[in-house]
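Summary of structural features
Chain by chain, the residues run as shown.
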Amino acid sequence: MAKQKDTPKKILDSRIMRVADKLERLRIEKGFTSYENFAIEYGISRMQYWRMEKGTNFTFESLLKILDAHKMTLNEFFKDLE
């Protein structure tokens, strides 16, 4: 049996985690308990959206799709994130 290397877990920037937490909160406020249903409803890749809520993968294109689903501007989204 091959021995696995202990790979240190990447520590995510707290700013990324605040964005990820806000995405999850907005989804739940919109009435979606499942990230999968939200992603399917708005034509976003389920894996991509899951990664965004976990703070591991952000593309501006995907973020804009999510903001469009929430009918939010960039300014509205980021106004309370410092």
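Anything mentioned here points back to the structure above.
So, here's what we can say about the structure. As the structure is a computational prediction, the values presented were derived from the model and not from experiment. (Residues numbered from 1 in each chain as written. Predicted model: local features only at pLDDT ≥ 70, side-chain atom pairs only at ≥ 80, totals over all residues. Heavy atoms only, no water.)

Under the definition given, this model contains five salt bridges. As a salt-bridge pair, aspartate 13 and arginine 15 come within 2.6 Å of each other at their nearest N and O atoms. Judged by relative accessible area, arginine 15 falls into the exposed class, the value being 55%. Where glutamate 24 meets arginine 27, a salt bridge forms, and the shortest distance between an N and an O atom there is 3.8 Å. In this pair, glutamate 24 and arginine 27 both sit in helix H1 (residues 14–29), three residues apart, roughly one turn of the helix. Residues joined by salt bridges that share partners form a network here, namely Glu24, Arg27 and Glu53. (Salt bridge = Lys/Arg side-chain N within 4 Å of Asp/Glu carboxyl O. Buried < 20%, exposed > 50% of the residue type's maximum accessible area, 1.4 Å probe, protein only. Helix = DSSP H or I, 4+ residues; strand = E, 2+ residues; numbered from the N terminus.)

Contact pair H1 / helix H3 (residues 46–54): the axes reach a minimum separation of 6 Å and the direction vectors enclose 120°. With respect to H3, the element H1 is oriented oblique. Residue-level contacts link Met17, Ala20, Leu23, Glu24 and Arg27 of H1 to Tyr49, Met52, Glu53 and Lys54 of H3. Class assignment for the residues of the contact of H1 with H3 results in five nonpolar, no polar and four charged. (Axes fitted to C-alpha atoms, helices over the stretch in contact; angles between N-to-C directions. Parallel < 35°, antiparallel > 145°, perpendicular 65-115°, else oblique. Contact = heavy atoms within 4.5 Å. Nonpolar A, V, L, I, M, F, W, Y, C, P; charged D, E, K, R; others polar.)

Of the residues making up H3, those classed as buried are Gln48, Tyr49, Met52 and Glu53. Considered in projection along H3, the buried side chains sweep an arc of 135° and stay on one side of the axis. Structurally, H3 contributes buried residues whose contacts are with H1, helix H2 (35–41) and helix H4 (60–69). Where H3 terminates, the next one or two residues include glycine 55, which has phi positive at roughly 80°. (Arc of directions from axis to C-beta.)

Turning our attention to the side chain of serine 34. By the secondary structure assignment, serine 34 is in the loop between H1 and H2. Of note is the side chain of serine 34, whose polar atom sits 3.3 Å from the backbone nitrogen of asparagine 37. (Polar contact = N/O pair within 3.5 Å; in protein donor to acceptor, adjacent residues only side chain to side chain.)

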